[in-house]
Amino acid sequence: MTMDQRAKTTSAGPAAIVAAPPRAHQLDIGRILRLSGTGIGLILLIAIFGTLRPSVFLTVGNFVNILEQISILAIIAAVQTVVMVVGDLDMSVGSTASLGGALTAVLLMSGWSIPSAVLLALCVGAGIGAMNGALVAYVKLSAFIATLASMTSVTGLAFIVTNGANIFGFTKDFLPLGQGRFLGVPIPVYIASAVSLLIWALLRFTTIGRRWRAVGGNAEVARLSGIRVDRVRFIAFVIAGLGASLAGIMLVSRLASATAQAGDSQMMLSIAAVFLGMTMSSHGGANIGGTIVGVAILGVLTNGLNIVGVNTYVQQLLTGAIIVAAVALSRLGKNRR
Amino acid sequence: MTMDQRAKTTSAGPAAIVAAPPRAHQLDIGRILRLSGTGIGLILLIAIFGTLRPSVFLTVGNFVNILEQISILAIIAAVQTVVMVVGDLDMSVGSTASLGGALTAVLLMSGWSIPSAVLLALCVGAGIGAMNGALVAYVKLSAFIATLASMTSVTGLAFIVTNGANIFGFTKDFLPLGQGRFLGVPIPVYIASAVSLLIWALLRFTTIGRRWRAVGGNAEVARLSGIRVDRVRFIAFVIAGLGASLAGIMLVSRLASATAQAGDSQMMLSIAAVFLGMTMSSHGGANIGGTIVGVAILGVLTNGLNIVGVNTYVQQLLTGAIIVAAVALSRLGKNRR
Amino acid sequence: SNPGQGAGAAPSGGGGTKNIALITGSYGTPAAKAAMDMLIKKGAAEGWTIKLQDTAFDYNKINSLMQDAAAQKVDAIIVGYTTPELITLGMQSATDAGVPVFGLDAGVQPVDQVTLNVTSDNPWFGKTSAQALITLMGGNGKGKRVLMLEHDPHPGVKLRTEAAREAFQAAGVDMVNQVQIKDPTSGRQEAMNDVADYVTAHPGGLDGIWAGWDDVAMGAALALKNANSDIPVTGVDGTDEGIAAIKSGTNSLKATVWQDWGTITDKLVAGMGDYFAGKKLPANLEKVEGKLITAENVSQFSK
Amino acid sequence: MEQKLSPDSAVTRPDDVPMLRASSISKHFDGVFAVRSADLTLRRGEIHALLGENGAGKSTLVKILTGVYAPDGGTVELDGTPVVFRDVIEAQRAGVVALYQELSIVPNLSVAENIMMGEKTPARAGFVDWGRLFSIAGSHLEVLNQRIPLRRLAQDLSPVQQTMVAVARALAVNARVLILDEPTASLTNLEIVDLFRTLRHLRDEGVAIVYVSHRLEEVFELCDRATIMRNGQVVAAEAVADLTIDLVISKMVGRHSDEIFPPRSRHDDEVIVEVTGLTGRRVRDVSLEVRRGEILGVGGLGGSGRSELLRLISGAQRAQAGVVKLSGKDVTPSSITHGLDAGIAMVPEERRSQGVILEQPIRENMILANLPSVSSAGLVRDARVRSLANRGMTDLQIHARGTGQKVGELSGGNQQKVVLAKFLARNPTFLLLDEPTRGIDVGTKSEIYVLIQRLAEAGAAVLVVSSELPELLGLCHRILLLHEGRLAGEVAAEHATEEQLLTYCYGRTA
Ligand SMILES: Nc1ncnc2c1ncn2[C@@H]1O[C@H](COP(=O)(O)OP(=O)(O)OP(=O)(O)O)[C@@H](O)[C@H]1O
Ligand SMILES: Nc1ncnc2c1ncn2[C@@H]1O[C@H](COP(=O)(O)OP(=O)(O)OP(=O)(O)O)[C@@H](O)[C@H]1O
Ligand SMILES: [Mg+2]
Ligand SMILES: [Mg+2]
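Parameters at a glance
- Residues numbered from 1 in each chain as written.
- Chains lettered and ligands numbered in written order.
- Predicted model: local features only at pLDDT ≥ 70, side-chain atom pairs only at ≥ 80, totals over all residues.
- Heavy atoms only, no water.
- Helix = DSSP H or I, 4+ residues; strand = E, 2+ residues; numbered from the N terminus.
- Rg over C-alpha atoms; globule rule 2.2 N^0.38 Å.
- Buried < 20%, exposed > 50% of the residue type's maximum accessible area, 1.4 Å probe, protein only.
- Areas by Shrake-Rupley, 256 points an atom, 1.4 Å probe, with all protein chains shown as cover.
- Lys, Arg positive; Asp, Glu negative; His and termini not counted.
- Charge placed at Lys NZ, Arg CZ, Asp CG, Glu CD.
- Near = heavy atom within 4 Å.
- Polar contact = N/O pair within 3.5 Å; in protein donor to acceptor, adjacent residues only side chain to side chain.
- Nonpolar A, V, L, I, M, F, W, Y, C, P; charged D, E, K, R; others polar.
- Domains from an automatic or database assignment.
- pLDDT = per-residue confidence, 0-100.
- Contact = heavy atoms within 4.5 Å.
- Donors = N, O, S within 2.8 Å, 3.2 Å for Na, K, Ca; no water.
- Pairing = 2+ DSSP bridges.
- Salt bridge = Lys/Arg side-chain N within 4 Å of Asp/Glu carboxyl O.

Digging into the overall build of chain C
At step 1: Counting secondary structure elements, chain C contains ten helices and twelve strands.
At step 2: For a compact globule of 303 residues, the expected C-alpha radius of gyration is about 19 Å, and chain C comes in at 20 Å, within 12% of that figure.
At step 3: In terms of principal-axis extent, the alpha carbons of chain C reach across some 60 × 35 × 30 Å.
At step 4: Counting all 303 residues of chain C, 63% fall into the buried class.
At step 5: When the accessible surface of chain C is split by element, carbon and sulfur atoms take 50% of a total near 10400 Å².
At step 6: In chain C, 25 side chains carry a positive charge and 33 a negative one; their mean positions are 4 Å apart.

Encoded structure:
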């Protein structure tokens, strides 16, 4: 095929530019399987749980439940996606969420207004992101160790801020953010959708989004093509910090309480979600659509296993196995060399 | 010597390398700083704590304390080093340690002899490693997601094995493994030294060690040079599982009890230690010497902060900051364009 | 087995098959596990199916699980080892679905949405174990130096700790260090290292160690053994392991407070039975004290 | 400091003020000078060749001119005004643009985005203007006569196409000074024609072009003046009309070059390699024979399947069908390891990503394919490693500080020798070489030719894939041509011409 093109070019003189890729890929089943493996995994899960407990699992109420349960993770995973598009990793999103939430709680309890408490917490989140970004982009530490270290420090900070205690008893006005509903749909679902859409648009339509992808694809070529790689990576981390803090604030509202480690478990989950989603792009990179499917898999899995009534320990065993299965599915079409 | 060679080359043939002012190489402070940054960090820490509490910190007793406290981490970090030399990462070492220990405990309680219980637990550890290795090397999943998933599953297994309970009351003969001393030095210190030496020797002197390094350096080059990349990566994971299980067994002996998550916290620490140590090699790769320095930094840090009497939360804050400082130190000489 | 465990398993009416979701903040600690297992067994005797779900103190997950349970219209939800005030969302979804919520050792204050909460009297535990330590240190606490092993994120342990601090303060005890355990899953290891470091830093600088729960108390005892120190340690929970340690006489753990899970679970099962039978419950919070275990009375508790 | 330049002022300058003048530029790495006191003067509207052996310092000079490296000393003037570029972006804004050696594409972006990267991305208020992006990118490809789907991911392109996309990226900046560092290393004649046409057009519009290449014929065809470097220093700067290939070579290597190709040796009649019906993804039913001591060439256009053929024979890729026999024995390899054990060794095409581990020392690289021979009982014997590495260093005349130097610090030619040494130490009976001299200077090339021939004389069968037809003609005994994965023809090298080979390459049977 390439030869044909080239041969034609030879004879035809200046060639017409072909605007869309040729349709050669149309019926490449391996490719379809590969790109949609994780999606198929999700559908399979829904089918299995739906068959096992149709009357409970396949209800609107349960669907809304699942959406609500994954909203906060969706936000963190969305911003984690940005960092991973750039080719880095943020281990501190969980603890930043914890700190953001804890800080908001403490400020609210000491009489700050909701907007100012939330704003300060968001700024602190962005600040932690900026510190991570500076360490990675400018000091050139590996993202893993830099954000691992900042995870530790930020957890320490969250403990200091809360003094290790559970903080609760906020003004009622703060609770709708995490607990309210609008037209029967929980508010967090709207926020998570908005954040995901925003990140999608950033990655898809804006120059910074394209630069993130360029840096993730080949940082050296990007640099030599005139992209300020350092700044581009830095911004990705700031966004991660900001998003994590937002998620943490919503978590506190949802729980109506804050602890120093409330958000910590989100870190691993967010990374797992992005990895699950990475199988859904043709270049194997992080992508927001895939991430959301990844988040959904994790959400459906927990909810479904709960509803079917699987023992907690066995749930954990299965969760790991199912994650592997979902990712492995997408490898099926890929192994020929 | 090198200089002479080069001077000769100049006249001799094509592509000669011209010698710069002779002393430039000899006293390259940037390079020294870069390669020993983490080591300097360790020495600085010891100096600081030594100055703050000389009578306590700088005693043989405390030194032995530190050694004992880091032994188990040292073993896990040593095997983590192997996986990271190959360019992968094992997130499941912590839970494998937990499972290995828990299994030994359960078997001992149900009347197995110590050797057979330990042997079976080691085999199970190696088996988990083999599964990780198979997923990464043959199914070609990303190491991160594969071992993250297996971490989840293995934790589930550990809970199932212990039925969530604390297991204790082993035969006295089992305790020396983690608690005993020989010539005043705790047994775990001997075991950790032996394991580290073994890994060092593997990496330094054996063909599999060279293969690990080649695969970590550039897997494609290794493959085209006739190295069976898949098998080589597989073996690295098996060793990680084996070492993690051994560490878990020692932990159970040291604590005289087993729980399903006793070893989990070692995972992050082991990765942090390897990363700390990676700054100590000229090619920025994982290396056992650096890892041990990394483990020592983490150990000295906790012990020193405890001895100085720093509040737990502030300790966490400082730990992160000091890790960053230690790694950043090694970047100092590196940033010129 | 422990006294109380077998006692009072009499069916209390209101039987029939019931689907009950037991959602717990903790199952990883021995004491919690013992209580949960006891509850499930007693429920089974009533003909109830109790499904246990552990959350490892992830309150967000407790909320989610309560929502899932409410969506399934279970007959009741039991929350264990958590504070109802912290899970308003889950409580609300249960209330909205008309599912009653019971508490097993869940918080210390009466909460409207909870039908019945039977809880340990954590402040009593703290006070009692502190006083036991003072006795072990010679009876007069004045000037005695005590190290405390705490974990504030756990509401129950925090209450114990606060009560213990008050008791120590009243007795003039010098609380030389208050160590927060970072991660309860590796609590024993942390306690072991922290105590070893403290003892190294302050040779002869301690008269006793107060631990918020038995697992960390055992870690402290191990460190003391390595340091050849014979100062006393106290814990809370009365785990089999703690009891065995006290009984051995050679362990530094000298006292613990036994949580009376038998009585607690009995009362809860009875209350739930009454509720299912349509009876009105007198109050929605019941506190249950425990028993102090020392070398003198340990034989009553050990197997 | 950034230099503002209005186009008008540039036009009004007298012609004798050079567009770019670099004076006394120096740069050293780890104590070794890569460039020393180098001068370079570029006039408006000229194509200026920058020549020199591997490691002469050409790429380093290019990177200094475009702000990638900060020089240790020296000045750069643009239109007579001193400039200092702190990074690529500042250089680009001033109109100084480069296509860097061996760095081509961002794999996960579309072709169009690869062409319009960085500040060139058309945008409105931070949003990418896709319409303009595609139309401008398309026009640049059109100029190069390339038909590459603009939306396809760059990772799905052939190496040739990737290079052309990178060329288009350099052209997309309205450069006043355009530097191309070995753009043709992986191109075939077809693309080179289009590239040259474009460059001449730009020259006629007043752009100053620096052209770095090891293909001297090209230089004489395309360039107006040449600057020649040796050991980091400039040794000559002259009009191309005043130079001959021999003169250039002698200035580059500091000695006179005789014939680059050694005289053809004789080979046995005994067939030791028999390949029958080999089929892969692109390669279809290829059969061939190689005799003891014979050097067989394989030619073809980019993507014709030459590399795949080698991969199939060596075991790097599983064949769908076909048999490989060595001395009559079926050894069809299932893996590289298997192939090596049978006596088949392949020197891969992409040196930096397939040949050497850049971060590791020379000796570690050399033992990669030889672990069994430098070890016993699973233990690596340091003495054997040392002797193997030293032998490789001497046999192939590798210029380095020692066997402990990182391969990444060596020049391209020396890196290639390390790859050769690694496989030669296996004493293969059948040696496959994929573009063995790509991006390598004439001096080193000639050394490698001698080596290949020595090996053939010692009784090995050799298969050489090359995009350079003179190389095939000069080195081989016999040449096979591939077209779309099938054998399109066979010629005896001695009396063949380039035209003949090309006819087969295009699939036309003569
Ligand atoms: N980043 C670097 N670090 C250390 N040494 C370097 C670096 N870049 C180049 N060198 C050394 O500087 C010298 C000049 O290299 P350069 O790449 O400029 O040569 P070149 O003329 O472009 O060669 P080639 O024709 O092989 O591309 C070589 O000896 C090379 O090893
Ligand atoms: N049009 C294309 N699209 C995608 N991949 C291609 C294309 N052309 C070639 N390739 C890939 O590039 C690699 C090299 O191709 P091949 O071995 O067929 O070519 P070759 O004749 O050696 O040419 P060259 O190395 O000059 O590209 C192969 O792995 C092939 O799959
Ligand atoms: Mg070059
Ligand atoms: Mg090729």
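That shown, we press on.
What to know about the site of ligand 1
Residues and elements named next belong to chain D.
At step 1: Near ligand 1 there are 18 residues, and of these Asn54, Ser59, Thr60, His214 and Glu409 occur at the shortest range.
At step 2: A distance of 2.7 Å separates an oxygen atom of ligand 1 from a polar atom in the side chain of Ser59.
At step 3: Protein burial of ligand 1: of its 640 Å² of free accessible surface, 80% is covered by the chains.
At step 4: For the shell around ligand 1, the leading source of residues is helix H2 (residues 58–65), giving three residues.
At step 5: For the shell around ligand 1, a count of residues per class yields five nonpolar, nine polar and four charged.
At step 6: Mapping the shell around ligand 1 onto the domain boundaries places at least three of its residues in each of domain 1 (18–108 + 176–257) and domain 3 (351–427).

So, the confidence of the model for chain C
Residue and element names in this part refer to chain C.
At step 1: For chain C, mean pLDDT is 85; residues scoring 70 or higher make up 93% of the total.
At step 2: Low confidence marks residues 1–14, where pLDDT is under 50. Its contacts with residues over four positions away, or in another chain, come to 29 contacts.
At step 3: Predicted complex, confidence summary: ipTM 0.82, pTM 0.84.

Regarding the coordination of the magnesium ion (ligand 3)
At step 1: Those donors, Ser59 of chain D (OG) and Gln101 of chain D (OE1), are the protein atoms that reach the magnesium ion (ligand 3), and they lie 1.9 to 2.0 Å from it. Here Ser59 of chain D, found in helix H2, pairs with Gln101 of chain D, found in the loop between strand S6 (96–99) and helix H4 (111–115); they are 42 residues apart in sequence, far enough to count as distant.

Side note on the coordination of the magnesium ion (ligand 4)
Each donor-metal-donor angle would ideally measure 109.5 degrees in four-coordinate tetrahedral geometry, or 90 or 180 degrees in six-coordinate octahedral geometry.
Residues and elements named next belong to chain D.
At step 1: Protein coordination at the magnesium ion (ligand 4): the donors are Ser307 (OG) and Glu349 (OE), at 1.9 to 2.2 Å from the metal. Of this pair, Ser307 sits in helix H10 (residues 306–314) while Glu349 sits in the loop between strand S18 (344–347) and helix H12 (351–355), and the two are 42 residues apart along the sequence. Here Ser307 matches Glu349 in class, with each residue buried.

Re the pairing of strand S12 (residues 233–239) of chain D
Residues and elements named next belong to chain D.
At step 1: Pairing analysis gives six bridges linking strand S11 (residues 225–230) to S12, with the strands arranged antiparallel. Bridge assignment links Arg230 to a residue of S12, and that residue is Gln233.
At step 2: In this antiparallel pair of consecutive strands, S11 and S12, the connection spans two residues, and Asn231 shows a positive phi of 50°.

Some thoughts on the pattern of salt bridges
At step 1: Applying the stated criterion to the full structure yields 54 salt bridges over all chains.
At step 2: Of the charged contacts in the structure, one is a salt bridge between Glu286 of chain C and Lys267 of chain C, with a shortest N-O distance of 3.3 Å. Of this pair, Glu286 of chain C sits in strand S11 (residues 285–288) while Lys267 of chain C sits in helix H9 (residues 261–276), and the two are 19 residues apart along the sequence.
At step 3: Given a relative accessible area of 32%, Lys267 of chain C falls into the partly exposed group.
At step 4: Residues Arg292 of chain D and Glu270 of chain D are paired through a salt bridge, measuring 2.9 Å at the closest nitrogen-oxygen approach. With Arg292 of chain D in the loop between strand S14 (286–291) and strand S15 (295–300) and Glu270 of chain D in the loop between helix H9 (245–253) and strand S13 (271–279), this residue pair connects regions lying 22 residues apart in the sequence.
At step 5: Relative accessible area serves as the criterion here: at 28%, Arg292 of chain D is assigned to the partly exposed category.
At step 6: Judged by relative accessible area, Glu270 of chain D falls into the partly exposed class, the value being 39%.

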